Amino acid sequence: MISEKNTVKRIGNQLLFTGPTLLAFIAVIIVPFIYGIYMTFFKWDGISSSMPYVGFNNYEAVFNDTKFWTSVWLTIKYVAASVFLINTVAFLLAYLVTMGIRGQNFFRTAFFSPNLIGGLVLGFIWQFMFNNFFTSIGEKFGWELFSKTWLGNETMAFWALVLVTVWQYAGYMMVIFIAGLMSVPKDILEAATIDGTSGWKQLIHMVLPLMVPSFIVTIFLSLQRGFMVYDVNYALTGGGPFGSTVMASMHVYDKAFQRFDYGVGQAEAFVLFFIVATVTIVQVYLTKRMEVEA
Amino acid sequence: MKKLSSLMLVLILALVVSACGGNNANNASNANEGTNASTNTGSDSDAKEVKITILNSKSEIHTQMTNAAETFSKAHPNIKVEVISTNQDQSPVEKASALYASGTPATLAMLDAGDIEKFADKALDLSGEKWVAELAQPNEINGKTLAFPFAVEGYGLIYNKEVLDEVAGGAFDPATINTTSALEELLQKIEAAGKTPLYIGSMDWSLGNHFLAIAYAAQPDTDVKGFLEQLKGGSADLVNNATYQGLLDTFDVLKKYNGGKNDPMAVNYEQSTAAVATGSAAITFNGNWLITELLKSNPEGEYGFIPVPVSNDPATKANSAVAIGATKQMFIDNEKSTEEQQAAAKQFLNWLVYEDAGQQFLVNEANVIPAFKNITLELNGSLAVAINEYNLAGNSIEFAGNFVPGDHWKVLGASMQKYLADVTDRNGLAAEIEDYWKSVQ
């Protein structure tokens, strides 16, 4: 089978196995993607029957849209903060629940469960927490930090978003880290213990380097999800207060579906795609080089 | 083996071809639907069955609308009416354009007034309809009546009658509040009486598309469209615009007496409404749609409207007028719908305007203020009655939110929130408004 002589036969076999998936992939990813790029060269409100060609005008509009670049910069800050916190918290949680403490399976489930709640619902739950729960606690104990709703203040609303994101994804990344921790060979750790290496040194010099493949995955996932965030942004702050927490995706959505400027919206979406693709490719490339073998 | 794989290849190719062709076949069957329907019912020679769909964008009246459709179908057995409603947070345009994109537009689509223009080339010209003569205000786009005004709505300062009667020591007359200083005196009196004078809801749609829009509608020497053209062209100078400054003077007064001024962004729709309904606060800024929410907290309450003053001159028209407009409009699709469907849709609109059951539905089920002079049913709820009085007396300015782009409420609503929370000053706000309008093509 493997050494096919006949090319037609070989292609036939390949099509048999990859064809259906390929077809679905083309239909739902490639075609919309290319059509999206095609749309960036036209001016369209989504309804009108005429769709005039405008060349690169939409891209020019993107570069002149200061609000878009503000939202991209805000997204980058948000991604930086949330990627760092998600991975730190997730790793600590994973480390804790693999130490063999009592009821660790329960904790694993508990930490993972926020991820089972959809972003929208989660946003609304936390909106209530920030607006009502925290403020009443702040009132009761006179804590300055919680005296006013976090969502009414530009800086705190940003951190509220980061906090909720970390809460949502830390458990998910924890599961990946647990798998990584489990696959660290026990024999070398045992050997290190016999040689008198402390737990801390084992963690820094042995466990962490061996966990790089897990970090590649978790950083990639949290980067990509951070850049594309919409649901939590929408449900928790709605871009407010005063439009200060409009992330890039929300800006693109508003451009296309509130302003009905599909061309510019698509162009901005493409620019955003380009940024995310560049950042994640660079990240994967750089972290791949840090991989070691036991 | 060779045979098998080439067979598979053929199969897959066939699959690809049929998948590509499937779309066309679908379209064709859609286009034929009308003809199919007529051949099916051809045996039943008297009445051809027509099926029309209504896209309802007032999601809160979905049940009532479905019931009305049933009542209508009972009176017209050959017409089947299906009602589709948008979700609470879904933009009606999004839904309508999705229906167009899938080749199955609604025969009758209800949209926000400002969006009808986008569908102008798809809408059936209704200028020849009988009800056009009954309109309280003309409803034309480029000289043609393209849409049926479904609901008239208005907004201003909503007050609790009981509270203000008590403060005024007799029946309170909203016409006495026709300047900013008169409003301030009133607010002082309420405060002296130990009540919270008012709550300003911090909702961006309310501040942006309703409050700020008064500045567009109350311009003394131009109408809304004219002023918006000036803003787009960059020739409107807000810093030196008396109406804009006057409106913000009023806003400053409102801010001063705002019950939530310590944390103004925390005042939401439900909270401001509940405070007025229970009488713990006297006034809030909102529209006649608030009645449902008000009645939830206090089914016995009576409410009225005070206009938002924009100057200290009692003669200024806007000082004694509330903003009123037909905010929900329905148009008949002229692209995919058959003539029979269009005729049936027209019949439904006539039913709403002229038949008792239709009028009952509009006024008592859907609780809207109809745009037609011939409907004399007593309106439901004190706010609707108040708006209707202002409307019939000619004391109205335009509902300028009907003429602004779809993201106006969000972008300039955010700017108004900044001003509400003292994050920006008047000139900063003016600059943001001017920048926004210059970005609109």
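On a predicted model such as this, the values are computed, not experimentally measured, just so you know. Chains are numbered independently. Their residues run from 1 in the order of the written sequence. Chain letters and ligand numbers both follow the written order, the letters beginning at A and the numbers at 1. Only residues with pLDDT of 70 or above have their local features reported here, since the model is predicted, and side-chain atom pairs are shown and tallied only from 80 upward, although totals for entire chains, interfaces and linings are computed over all residues. In computing side-chain properties, one takes all heavy atoms of the structure into account and sets aside hydrogens as well as water.

Colleague: It is not clear to me how the packing of aromatic side chains should be interpreted in this structure. Could you clarify?
Modeller: Centre distance and the angle of the planes are the two values used to describe a pair of aromatic rings. Aromatic rings from Phe, Tyr and Trp, taking only the six-membered ring of Trp, are treated as a pair when their centres fall within 6.5 Å; an angle between ring planes under 30 degrees marks them as stacked, one over 60 as edge-to-face, and anything in between as tilted. The final tally for this structure, using the stated rule, is 53 aromatic pairs over all chains. Aromatic pair Phe106(A) and Phe107(A): ring centres 5.6 Å apart, planes at 65°, arrangement edge-to-face. Take Phe106(A): its relative accessible area is 57%, and that puts it in the exposed class. Between the aromatic rings of Phe72(B) and Trp351(B), the centroid separation amounts to 5.4 Å while the plane-to-plane angle is 65°, which identifies the pairing as edge-to-face. Of this pair, Phe72(B) sits in helix H2 (residues 62-75) while Trp351(B) sits in helix H11 (residues 339-354); the two residues are 279 residues apart in sequence, bridging distant segments of the chain. Classification of Phe72(B) by relative accessible area gives buried; the value is 0%. In this scheme, a residue with accessible area under 20% of its type's maximum is buried, one over 50% is exposed, and one in between is partly exposed, where area comes from a 1.4 Å probe on protein chains only. The class of Trp351(B) is buried, set by a relative accessible area of 4%. Each residue in the set Trp126(A), Phe130(A), Phe133(A), Phe134(A), Phe141(A), Trp143(A), Phe146(A), Trp150(A) and Trp167(A) is aromatic and connected to the rest through ring pairs, giving one cluster. A ring is scored as having a charge over it whenever the NZ atom of a lysine or the CZ atom of an arginine sits within 6 Å of its centre and within 35 degrees of its normal. The ring centre of Tyr354(B) lies 4.2 Å from the NZ or CZ of Lys130(B), which sits over that ring. Over the ring of Tyr419(B) we find Lys255(B); its NZ or CZ atom is 4.1 Å from the centre of that ring. The secondary structure listing takes helices from DSSP runs of H or I that are at least 4 residues long and strands from runs of E that are at least 2 residues long, numbered from the N terminus.

Colleague: Would you take a moment to explain the confidence of the model for chain A for this structure?
Modeller: Residues shown with low pLDDT carry predicted positions that ought not to be read at fine detail. Chain-level statistics for chain A give a pLDDT mean of 89 and a share of 98% at 70 or above. Note on scores: pLDDT gives the predictor's confidence for each residue, bounded by 0 and 100. Mean pLDDT values for the elements of chain A range from 87 in helix H5 (residues 119-141) of chain A up to 94 in helix H3 (residues 66-97) of chain A.

Colleague: So what exactly am I meant to see when it comes to a nonpolar patch on the surface here?
Modeller: All names here are of chain A. Patch membership needs two things, relative accessible area over 30% and no salt bridge, and members are linked within 9 Å if like-charged or within 5 Å if nonpolar (Val, Leu, Ile, Met, Phe, Trp, Tyr). What sets the accessible areas is the Shrake-Rupley method with a 1.4 Å probe; for residues, cover comes only from the shown protein chains. For salt bridges, the criterion is a side-chain nitrogen of Lys or Arg within 4 Å of an Asp or Glu carboxyl oxygen. There is a patch of nonpolar side chains on the surface, built from Leu22, Phe25, Ile26, Val28, Ile29, Ile30, Val31, Phe33, Ile34, Phe273 and Phe274 and spanning about 1,000 Å² of accessible area. Those elements that place two or more of their residues in the nonpolar patch are helix H1 (7-39) and helix H12 (262-288). For the nonpolar patch, the leading source of residues is H1, giving 9 residues. Mapped onto the secondary structure, valine 31 falls in helix H1. In this structure valine 31 comes out as partly exposed when scored by relative accessible area, which is 47%.

Colleague: Could you clarify how one ought to interpret H5(A) in this entry?
Modeller: Because each turn of an α-helix spans 3.6 residues, side chains separated by three or four positions end up pointing in the same direction. Residues and elements named next belong to chain A. Between its terminal C-alpha atoms H5 stretches 31 Å, which fits the 33 Å expected from 23 residues at 1.5 Å a residue. The principal kink in H5, of about 35°, is found at methionine 129. Within H5 the residues assigned to the buried category are Gly119, Leu122, Gly123, Trp126, Phe130, Phe134, Thr135 and Gly138. Only heavy atoms matter for contacts: two residues are in contact if any of them lie within 4.5 Å across the pair. Against helix H6 (154-182) and helix H10 (231-237) lie the buried residues of H5. Positive phi shows up at glycine 142, right after H5, with a value of about 65°. By this rule, a helix spans an expected 1.5 Å times one less than how many residues it contains. Working definition for bend: take the seven residues up to and ending at a residue and the seven starting at it, fit an axis to each, and measure the angle between the axes.

Colleague: Sorry, what's going on with the domain arrangement of chain A here?
Modeller: When the parts of a complex come together, some accessible area is lost, and that lost area is often used as the size of the interface. Residue and element names in this part refer to chain A. Domain extents, as shown, originate in an automatic or database domain assignment. One can read the domain layout of chain A as domain 1 (1-39) and domain 2 (56-288). The distance between the C-alpha centroids of domain 1 and domain 2 comes to 34 Å. Contacts between the two partners involve 4 residues from domain 1, matched on the other side by 6 residues from domain 2. When two parts are brought into contact, each loses some accessible area as probed by a 1.4 Å sphere; the total of that loss over both is the buried area. Taken over both partners, the interface formed by domain 1 and domain 2 buries close to 410 Å², and the fraction arising from carbon and sulfur atoms is 75%. Looking at the side of domain 1 facing domain 2, the largest losses of area belong to Phe33, Ile37 and Met39, adding up to 85% of the total buried there.

Colleague: Help me understand the interface of chain A and chain B, please; the structure alone is not making it clear to me.
Modeller: Counting residues at the interface gives 30 residues for chain A and 36 residues for chain B. For the pair chain A and chain B, the summed buried surface comes to about 2,800 Å²; carbon and sulfur atoms form 62% of the total. Contact with chain B buries area across many residues of chain A, yet Ile47(A), Phe242(A) and Arg259(A) alone supply 28% of it, more than any other trio. With its nearest N and O atoms 2.7 Å apart, the salt bridge here joins Asp407(B) to Arg259(A). Under the rule applied, a polar contact is a pair of N or O atoms within 3.5 Å (in protein, one hydrogen donor and one hydrogen acceptor; residues adjacent in sequence only if both atoms are side-chain atoms). In this structure, the connection of chain A to chain B is made through 7 residue pairs in polar contact (both at pLDDT 80 or more).

Colleague: I tried to follow H12(A) on my own but got confused; where do I start?
Modeller: Residues and elements named next belong to chain A. Across its 27 residues, H12 extends 38 Å between first and last C-alpha, which sits within 8% of the 39 Å expected from 1.5 Å per residue. Regarding H12, the residues found buried are Tyr262, Gly263, Val264, Gly265, Ala267, Glu268, Val271, Leu272, Val276, Thr280, Gln283 and Thr287. In this structure, the buried residues of H12 make contact with H1, helix H2 (57-64), H3, helix H9 (212-227) and helix H11 (248-258).

Colleague: Looking at this structure, how should I read unusual backbone geometry?
Modeller: Glycine aside, the phi torsion of most residues is negative, and most peptide linkages are trans. Despite not being glycine, Phe242(A) shows a phi value in the positive range, around 55°. In this fold, Phe242(A) is placed in the loop between H10 and H11. According to the relative accessible area criterion, Phe242(A) is buried, its value standing at 6%. The phi dihedral of Asp422(B) falls on the positive side, at around 60°, and the residue is not glycine. Assignment of secondary structure puts Asp422(B) in the loop between helix H14 (408-420) and helix H15 (426-439). For Asp422(B), a relative accessible area of 57% puts it in the exposed group.

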